[in-house]
Amino acid sequence: MSDTSVKQAAGRPAGLAAPGSRALGSTLPAIILSSNLGQLLLALILPVSVIAIWQLSGTNGSLFGGVLPTPDRVVAAWWTWAFGATGMGLNPYSGTWLANVVFSTQRVAQGFLVAILVGVPAGIWIGWSRLGAQVLDPTVQILRPIPITAWLPFSLAVFGISGFSAIFLIALGAFYPIVINTTQGARHVERNLVRAALMMGAGRFDILRRVVLPAALPAIFTGLRIGLGIGWTAVIVSEMIAVKSGLGYVLWDAYYVGRMDVVIADMVSIGVMGLLSDQLILLVERWALSWRLAGAR
Amino acid sequence: MAEINLRQVSKTYFAATPVRALDSVDLDIAEGDFVALLGPSGCGKSTLLNILAGFEDASEGSALIDGGAIGKPGPDRGVVFQEAALFPWLTVWENVVFGPKMQGVPRADYEDRAREMLATVGLTDFAGSYPAQLSGGMRQRVGIARVLVMRPRALLMDEPFGALDAQTRMAMQELLLTVWEKLNTTVVFVTHDIDEAILLAGRVCVMTARPARIGREIPIALPRPRSIDDLTTPEFTRYKAEIMAEMRSAHRQAESTAA
Ligand SMILES: Nc1ncnc2c1ncn2[C@@H]1O[C@H](COP(=O)(O)OP(=O)(O)O)[C@@H](O)[C@H]1O
Ligand SMILES: [Mg+2]
């Protein structure tokens with residue numbers, strides 16, 4: 001089996017038929033459905049019908065007696081939010097979308113980076129050394145059940161109304177899945193790999209850096225993806241309360257002044273940013289773990 | 001090259017129920033010897049090899065290499081594992097130069113030798129491949145090359161060809177014979193395959209069932225260089241009959257002591 005075909009198989013979304021299956025029962029609908037376009041069409045059925053029903057059941061651009069705006073008004077609100085002229089006119093959101101997206105993304109990135117810098121070494125230490133497990137693991141296990149939302153008042157008291165408050169919560173929220181998955185990965189390193197490294201003269205630090213860390217990498221990436229998702233939750237929660245900028249701030253502010261069209265446009269923006277950042281991690285993962293996909297026997 | 005001496009070496013694993021894996025093993029291996037340790041699986045062959053490698057400590061007795069106690073694992077005793085134990089995230093080349101790099105050898109001093117060893121095991125064209133892209137036999141050849149690069153005083157091989165199909169296995173045995181006849185390193189080769197033991201070794205040590213002792217040591221006087229063709233000679237068959245009889249009696253002995 002050549003390595004390219006393995007890569008393709010790995011890169012194909014679940015549920016997609018392999019190229020070989022086309023030979024059997026190659027009816028026209030089957031061919032259409034197994035193409036990329038067919039996949040896209042299948043995926044769009046549900047969201048398109050929901051949006052269509054939502055749009056059609058509105059009267060005068062809203063549902064439930066004016067509570068919920070129809071999709072066309074959401075799109076219009078987003079357009080003004082994204083491309084409208086800035087300045088304090090009747091619409092304070094006009095033209096501020098990009099700035100708010102950048103604020104939130106920056107906080108997630110900073111908090112996430114802190115979580116990686118602390119979580120990965122801590123996880124390696126807990127998973128690899130008995131001392132590390134004895135020193136760190138109990139504390140992590142005791143703190144973990146406290147939801148990050150419960151840390152909000154604490155972080156406000158310590159960091160005040162500032163970006164640090166948000167970054168602290170993001171870092172804390174992302175830290176747990178990263179440290180736990182890294183621990184799992186470091187704990188299950190194949191014994192003979194460590195022995196081989198020792199036999200070739202590797203020192204203690206070499207073993208950690210060149211054997212335990214790479215062996216734990218698949219598990220670490222699992223932790224990173226979960227951690228990043230929590231990071232986005234944390235940024236929205238903390239911006240609603242602890243900061244005066246970002247998608248979370250706009251979300252709460254718009255709700256307060258009854259701009260549900262902006263609220264929904266904001267929700268969609270958060271979803272898109274979460275999806276994009278997850279894809280980014282997947283991309284890095286595929287690159288860093290390319291040795292796993294390199295080929296079959 | 002190295003001389004290895006085991007004096008009354010015993011090993012007990014203290015698991016949930018203590019397992020006595022080795023019982024008063026005496027073994028002397030001269031410099032440049034090729035010794036096969038032959039025994040049924042679970043008898044303690046790996047345990048013995050792991051003590052030589054420094055992965056495990058003997059519970060009793062002394063294990064010496066060139067007169068000094070065997071210490072921590074190190075590049076003077078190159079180990080070849082059954083499943084190769086290559087680093088899957090490193091290319092073939094990176095795996096082969098891992099040892100010299102860890103020992104702080106300057107690049108210029110190991111590159112030529114690493115290239116030579118890759119050529120010796122016939123993997124020059126696969127230097128940039130990852131282990132996942134190689135067959136089992138190729139992986140094992142990388143495992144041998146990465147050890148030879150370090151110029152070990154002894155080669156410790158734990159059923160290195162045990163997981164390979166018959167054909168690949170024979171090719172690997174011939175390769176090992178060629179390499180060893182050139183380098184003349186001390187080799188301790190663990191196997192449960194009688195043919196393999198006779199074909200490769202200058203001496204076959206038959207181990208009894210657990211707790212393992214070394215039963216009889218049978219010198220193999222087949223002339224070198226040897227090849228796969230030796231497997232069908234009358235002398236070979238004679239050795240095989242002798243060793244099989246020895247293994248059967250070792251087995252009976254173990255059963256009667258256990259009873
Ligand atoms: N780390 C260990 N802890 C407990 N028992 C072990 C350990 N390693 C090996 N044993 C036991 O010691 C005996 C000999 O094992 P081993 O040396 O691996 O045999 P072989 O290599 O000949 O198959 C077996 O019964 C095995 O279960
Ligand atoms: Mg074994």
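These numbers were taken from a predicted model, which means no experiment stands behind them. (Residues numbered from 1 in each chain as written. Chains lettered and ligands numbered in written order. Predicted model: local features only at pLDDT ≥ 70, side-chain atom pairs only at ≥ 80, totals over all residues. Heavy atoms only, no water.)

Caption draft 1: A look at the overall build of chain A. Counting its regular elements, chain A contains 13 helices and 2 strands. The buried share of chain A, taken over its 297 residues, is 41%. In chain A, once contacts between residues fewer than 6 apart in sequence are set aside, the share between residues at least 24 apart is 64%. As displayed, chain A offers around 16500 Å² of accessible surface, 70% of which is attributable to carbon and sulfur atoms. (Helix = DSSP H or I, 4+ residues; strand = E, 2+ residues; numbered from the N terminus. Buried < 20%, exposed > 50% of the residue type's maximum accessible area, 1.4 Å probe, protein only. Contact = heavy atoms within 4.5 Å. Areas by Shrake-Rupley, 256 points an atom, 1.4 Å probe, with all protein chains shown as cover.)

Caption draft 2: Structural detail: the packing of helix H5 (residues 97–128) of chain A against helix H11 (residues 247–256) of chain A. All names here are of chain A. Across the interface, H5 lies against H11 with an axial gap of 7 Å and an inter-helix angle of 125 degrees. Compared by their axis directions, H5 and H11 come out oblique. Only Leu247, Gly248 and Val250 of H11 make contact with H5, whose side of the interface consists of Asn100, Val101 and Ser104. Class assignment of the residues belonging to the contact of H5 with H11 gives a composition of 3 nonpolar, 3 polar and no charged. (Axes fitted to C-alpha atoms, helices over the stretch in contact; angles between N-to-C directions. Parallel < 35°, antiparallel > 145°, perpendicular 65-115°, else oblique. Nonpolar A, V, L, I, M, F, W, Y, C, P; charged D, E, K, R; others polar.)

Caption draft 3: Fine view of the nonpolar core. Membership of the largest hydrophobic core comes to 154 residues, with the highest contact counts inside it found for Leu37, Phe87, Val204 and Ile243 of chain B. Looking at this core, the element that brings in the most residues is helix H10 (residues 204–241) of chain A, giving 13 residues. (Core = buried A, V, L, I, M, F, W, Y, C linked by side-chain atoms within 4.5 Å.)

Caption draft 4: Structural view of the pattern of salt bridges. Applying the stated criterion to the full structure yields 25 salt bridges over all chains. Bridged by salt links that share partners, the residues Arg20, Asp23, Glu60 and Arg213 of chain B form one connected network. (Salt bridge = Lys/Arg side-chain N within 4 Å of Asp/Glu carboxyl O.)

Caption draft 5: The arrangement of the site of ligand 1 in detail. Residues and elements named next belong to chain B. Taken together, the neighbourhood of ligand 1 is formed by Tyr13, Val19, Ala21, Pro40, Ser41, Gly42, Cys43, Gly44, Lys45, Ser46, Thr47 and Arg210. Within the backbone of Lys45, a nitrogen or oxygen atom sits 2.8 Å from an oxygen atom of ligand 1. In this structure, Ser46 approaches ligand 1 through a side-chain N or O atom, which is 2.7 Å from an oxygen atom. Considering ligand 1 on its own, with 570 Å² of exposed area, one finds that the protein chains cover 68% of that surface. Those elements that provide at least two residues to the shell around ligand 1 are strand S2 (19–29) and helix H1 (45–53). With 3 residues, H1 is the single largest residue contributor to the shell around ligand 1. (Near = heavy atom within 4 Å. Polar contact = N/O pair within 3.5 Å; in protein donor to acceptor, adjacent residues only side chain to side chain.)

Caption draft 6: Examining the environment of Pro211 of chain B more closely. Residues and elements named next belong to chain B. Here Pro211 shows up in the loop between strand S9 (203–207) and strand S10 (214–219). For the pair Pro211 and Gly44, spaced 167 residues apart in the sequence, the C-alpha separation amounts to 7.2 Å. Setting aside anything within four residues of it in sequence, one finds Pro211 in contact with Arg20, Ala21, Leu22 and Asp23.

Caption draft 7: Local environment of the UniProt feature "transmembrane region" (unreviewed entry) in chain A. All names here are of chain A. The UniProt record marks residues 37–56, 76–99, 111–128, 148–179, 211–242 and 262–284 with the feature "transmembrane region" (unreviewed entry), using the residue numbering of this structure. Between the end C-alpha atoms of residues 111–128 the distance is 25 Å, and the span holds 100% helix and 0% strand. Helix makes up 78% of residues 148–179 and strand 0%, with an end-to-end C-alpha separation of 16 Å. (UniProt positions renumbered as here; feature names shortened; annotations may be inferred.)

Caption draft 8: Layout of the interface of chain A and chain B. Facing 21 residues of chain A, the contacting portion of chain B comprises 27 residues. Interface area lost by chain A to chain B is led by Met199, Met200 and Trp291 of chain A, which between them contribute 36%. Viewed at the interface, chain B and chain A are joined by 1 salt bridge. When the shortest N-O distance is used, the salt bridge between Arg195 of chain A and Glu56 of chain B registers 3.3 Å. Listing elements by their share of the side of chain A that touches chain B, those giving two or more residues are helix H9 (191–199) and H10 of chain A. Split into classes, the residues belonging to the side of chain A that touches chain B amount to 13 nonpolar, 3 polar and 5 charged. (Buried area = accessible area lost by both parts, 1.4 Å probe.)

Caption draft 9: Highlighting the UniProt feature "domain: ABC transmembrane type-1" (unreviewed entry) in chain A. Within this structure's numbering, the places UniProt gives as "domain: ABC transmembrane type-1" (unreviewed entry) are residues 101–281 of chain A. Summarising residues 101–281 of chain A: 85% helix, 0% strand, and an end-to-end C-alpha distance of 18 Å.

Caption draft 10: A look at helix H8 (residues 163–187) of chain A. Here H8 of chain A contains 25 residues, and its C-alpha end-to-end distance of 36 Å stays within 8% of the 36 Å for a straight helix at 1.5 Å per residue. With 19 of 25 residues buried, H8 of chain A lies mostly within the body of the structure. (Expected span 1.5 Å × (residues − 1).)

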